[in-house]
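# Remarks on the overall topology
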Amino acid sequence: MSEDIIIIDKDVSHAKALCVYLERKRMESHVAASSEEALMLFDNVGAKLVLADPGLPDTDMISLLTGIKSTHPQVQIIIMTPPDHFDLTMAEIKHAAVHYLLKPVKSTALDMALYQARSWISLNHRLAATERKLQKLRQTQNLYQQLFDEVPCYISVQDNQFRLTATNKMFKRDFGDEIGSHCYSVYKHRGTVCQACPVADTFADGYSHSTEEVVTSKSGKQYNVLTWTAPIRNGDGEITQVMEMSTNITEIRQLQDHLTSLGLMIGSMSHGVKGMLTALDGGIYQLETGMAKNDKERTQKAFEQVKQMTGRIRKMVLEILYYAKSRELRYESTNIVEMADKVVSDAMAIADKNGVKLEANISPTLGIIDVDPTWMQAALVNFVENAIDACTYDRSKKGHIVTFDAFELSDDRICFIITDNGMGMDQETKEKMFTLFFTSKGSQGTGLGLFIANRVIRQHGGTITVESELKKGTKFHICLPKSKPAQSGMVHIPETLETTVNNETDDEK
Amino acid sequence: MKKILIVDDDPNIIDYLTTLFEDNGYTTIAAHDVQEGLEIAKKEIPDLITLDLEMPEEWGPRFYRKMSQEKSLKNIPVIVISGLSGGDHAVGKAVAFLSKPFDRDELLKIVKETLNV
């Protein structure tokens, strides 16, 4: 394909001479003698090269040429001018032209000018292409940075000293902007390298490695993470850094734990439920036969039993519901004397039935405190009933007594003390008594009662200490703040079996 | 009158079984755990024993093993009444296995058949 060139020259014979010369150079010339013709040609031909004599002193052409150059910067303009107008033309057109030639134009000078103009065109062309590539690169880089930042994982890049060289947004959010710090200090708050490290493994063998870790965020929260590593190599294929990607699977693990313990609970509970249903059957049988025989004493006793069993089943169902669902405490201003009286009267029936004496000593000036009345009462009943059970199961002696004291400890705390002279606890029982599903009562216990009671007290910001001696008895101190603690509220649903073990129990004897 | 020994840690269930058996013309004695059960059994030599499996301290199968070693006791029929599923394997020679909550007519029928042999 030949190359288009527009020739603008009022001197028609000079223009024709140029045409002939350029055609030999396989160029297609389009000649214009006026600025109107030039504009028309320019619009129609789309040439990249213009060879023009501005034809001073008329300035129309000057403004046309500078106009074209500013709207179409890729067009290269070569100016030819008679020697007497040379300086003036140059002063007017300046950089809008790529080259200036003297008229009459010499072929070598024209060739040189064309060569230069073409170089400019191809240079501009390459520049534009590079510009486009750069643009694309910037976009890609942007995209990757975004991907890096927005991936819902903790991503860090580490050097062979386990120093962080880059981290993504989520990492910065939970672990801080810790570029330059060591991975083990940021993730695990430790001063030395971890024992098994997937990053070290990847540095050693170049493969991806995976581990499951427990890490601690800057706010002190613990997360279970699934970690994958990948090597980053330099141009020579050497591993210079390793990328570590950690997915937070805390919720999955917690859910698993919760499901596991729910499963365990149903298993451990089914036996207790069966016992209760059998006892309820017994109550109903005695109620029926008592009425049929018109035996008032039996009917009365049976009725008590049915009532007691219904109460126990109710309590168990509530406990299951409490465990199955994490709940926010519903604080109410509660008259604690009334509540304590209720706890005692609830437990009295069971104490009487089992021949255990229940003594209450409730300070009448306890007043009003902030608690969730439903659960606080359930927790206290649990401790008292537990004390009664400890007496009932203790067949080594007679004259069992449970005491329930409630008094003001200080301006902002109250205290309950529950004692029994029952069977007492050995070391193991003492350590495990608040553990989920731990029971020393065989089929009678579900292992939920004290677990939940403990959790309720702690949710209220209270403390529990226990003194117990085997065959002598047990003493529970429960202290509660009078008003809602600042950091209260929800106990996170899933609670692993281990975390519920109480450790305050063994320092007192 | 035939004498039945009830071994169960739950006083409510002892109460139930006692009333049920006595209403139907048997005499009963009760034990709350394995140790007590063995002592009473040796003293009273019952005609039949109902045995719970899961109890605090020692479990029902232990009771059965120990009573099988006693000449005076080893031929006494045992009915297992337990909340454990699959407990019928725990005491292989039991005449019957009833799971809690049990059907009382079924229990009475088994007791009657066992004691009439």
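See the structure shown above.
Further remarks concern the overall build of chain A. For chain A, the count of helices and strands is 14 helices and 17 strands. Every one of the 509 residues in chain A was classed for burial, and the buried ones make up 31%. Sequence-distant contacts, at least 24 apart, represent 60% of the contacts inside chain A between residues at least 6 apart.

This next bit is on the overall build of chain B. Counting its regular elements, chain B contains 4 helices and 5 strands. The helix and strand sequence of chain B, counted from the amino end, reads β-α-β-α-β-α-β-β-α. The buried share among the 117 residues of chain B stands at 42%. Contacts spanning at least 24 positions in sequence make up 58% of the contacts within chain B whose residues lie at least 6 apart.

All names here are of chain A. As judged from the 6 bridges shared by strand β1 (residues 3–8) and strand β2 (residues 27–32), these two strands associate in the parallel manner. Looking at the pairing, isoleucine 7 lines up with valine 31 of β2. Taken together, β1, helix α1 (residues 12–24) and β2 constitute a β-α-β crossover, and its handedness is right-handed. Of the pairings in the sheet, the one linking β1 to strand β3 (residues 49–52) comprises 4 bridges and is parallel in character. Across the sheet, the residue bridging to isoleucine 5 is leucine 49, located in β3.

Turning our eyes to something else, we now look at the packing of helix α2 (residues 35–45) of chain A against helix α3 (residues 60–71) of chain A. Between two packed helices, both the angle of their axes relative to each other and the distance between the axes serve to describe the pair. All names here are of chain A. Put simply, α2 and α3 touch, their axes get as near as 10 Å, and they point 20° apart. Comparing the axis directions of α2 and α3 gives the class roughly parallel. In the packing of α2 onto α3, the handedness of the crossing is right-handed. The segment α2 lies against α3, with Ser35, Ala38, Leu39 and Phe42 engaging Asp60, Met61, Leu64 and Ile68. For the contact of α2 with α3, a count of residues per class yields 6 nonpolar, 1 polar and 1 charged.

In this section: the sheet that holds strand β1 (residues 3–7) of chain B. Residues and elements named next belong to chain B. Strand order in the open sheet formed by 5 strands is β2-β1-β3-β4-β5, and the pairing between neighbours is parallel. Two strands lie at the open edges of the sheet, namely β2 (27–31) and β5 (96–99), each paired on one side alone. Direction aside, the axes of adjacent strands within the sheet are offset by 20° on average. Examined bridge by bridge, strand β4 (residues 78–82) and β5 share 4 bridges and lie parallel to one another. Within β5, the position partnered with valine 80 by the bridge is phenylalanine 97. Against the sheet, helix α1 (residues 11–23) makes contact with β1, β2 and β3 (48–51), and its axis sits at roughly 165° relative to β2, the strand it touches most.

Attention shifts here to the sheet that holds strand β10 (residues 239–248) of chain A. All names here are of chain A. The 5 strands lie next to each other as β7-β6-β10-β9-β8, forming an open sheet whose pairing is antiparallel. Unpaired on one side and paired on the other, β7 (164–167) and β8 (210–216) mark the two borders of the sheet. Geometrically, the sheet is characterised by an average inter-axis angle of 30° between neighbouring strands, direction not taken into account. Sheet topology note: the strand β6 (residues 154–158)/β10 ladder contains 5 bridges and is antiparallel. From the neighbouring strand, serine 156 faces β10, where its bridge partner is glutamate 244. Running at roughly 15° to strand β9 (residues 222–233), helix α8 (residues 198–205) makes contact with β6, β8, β9 and β10 of the sheet.

Residues and elements named next belong to chain A. Residues Leu49 and Leu51 line one face of β3 and the alternating positions Val50 and Ala52 line the opposite face, and both faces are buried. Relative to strand β4 (residues 76–81), β3 is paired through 4 bridges, and the arrangement is parallel. For valine 50, the partnering residue across the bridge sits in β4 and is isoleucine 77.

Taken residue by residue, the interface counts 18 residues in chain B and 17 residues in chain A. Top element by residues in the side of chain B that touches chain A is α1 of chain B. It accounts for 7 residues. Considered class by class, the residues forming the side of chain B that touches chain A number 8 nonpolar, 3 polar and 7 charged.

Our focus in this paragraph is the packing of helix α11 (residues 336–353) of chain A against helix α12 (residues 373–392) of chain A. All names here are of chain A. Contact geometry of α11 with α12 gives a least axis separation of 9 Å together with a crossing angle of 35°. The chirality of how α11 crosses α12 is right-handed. On α12, the residues that touch Met339, Lys342, Val343, Asp346, Ala347, Ile350 and Ala351 of α11 are Pro373, Met376, Gln377, Leu380, Val381, Val384, Glu385 and Ile388. Considered class by class, the residues forming the contact of α11 with α12 number 11 nonpolar, 1 polar and 3 charged.

All names here are of chain A. Taking 1.5 Å as the rise per residue, helix α5 (residues 107–150) with 44 residues should run 64 Å; its terminal C-alpha atoms sit 63 Å apart, in good agreement. With respect to burial, α5 is a largely exposed element, only 3 of its 44 residues being buried. Ala113, Leu114 and Ala117 are the residues of α5 that are buried. Those residues of α5 that are buried lie in contact with β3, β4 and β5 (99–102).

Our focus in this paragraph is the nonpolar core. Soluble, globular proteins show a tendency: their nonpolar side chains are buried together. All names here are of chain A. Within the largest apolar cluster, 44 residues are counted, with the highest numbers of intra-cluster contacts made by Ala379, Phe383, Val384, Ala387, Ile388 and Val402. Every element with two or more residues in this core is listed here: α11, β13 (368–371), α12, β14 (401–410), β15 (413–420), α14 (449–459) and β17 (473–481). Here this core gets 11 residues from one element, more than from any other, and that element is α12. Setting aside anything within four residues of it in sequence, one finds alanine 387 in contact with Val402, Ile418, Asp420, Gly422 and Thr474.

What counts, and where the lines are drawn
Residues numbered from 1 in each chain as written. Chains lettered and ligands numbered in written order. Predicted model: local features only at pLDDT ≥ 70, side-chain atom pairs only at ≥ 80, totals over all residues. Helix = DSSP H or I, 4+ residues; strand = E, 2+ residues; numbered from the N terminus. Buried ≥ 20, exposed ≤ 12 C-beta atoms within 10 Å, placed from the backbone. Contact = placed C-beta atoms within 7 Å. Pairing = 2+ DSSP bridges. Right-handed = clockwise from strand over helix to strand, strands pointing away. Axes fitted to C-alpha atoms, helices over the stretch in contact; angles between N-to-C directions. Parallel < 35°, antiparallel > 145°, perpendicular 65-115°, else oblique. Left-handed = near helix turned anticlockwise from the far one by under 90°. Nonpolar A, V, L, I, M, F, W, Y, C, P; charged D, E, K, R; others polar. Expected span 1.5 Å × (residues − 1). Core = buried A, V, L, I, M, F, W, Y, C linked by C-beta atoms within 7 Å.

Geometric values such as these leave the question of function open.
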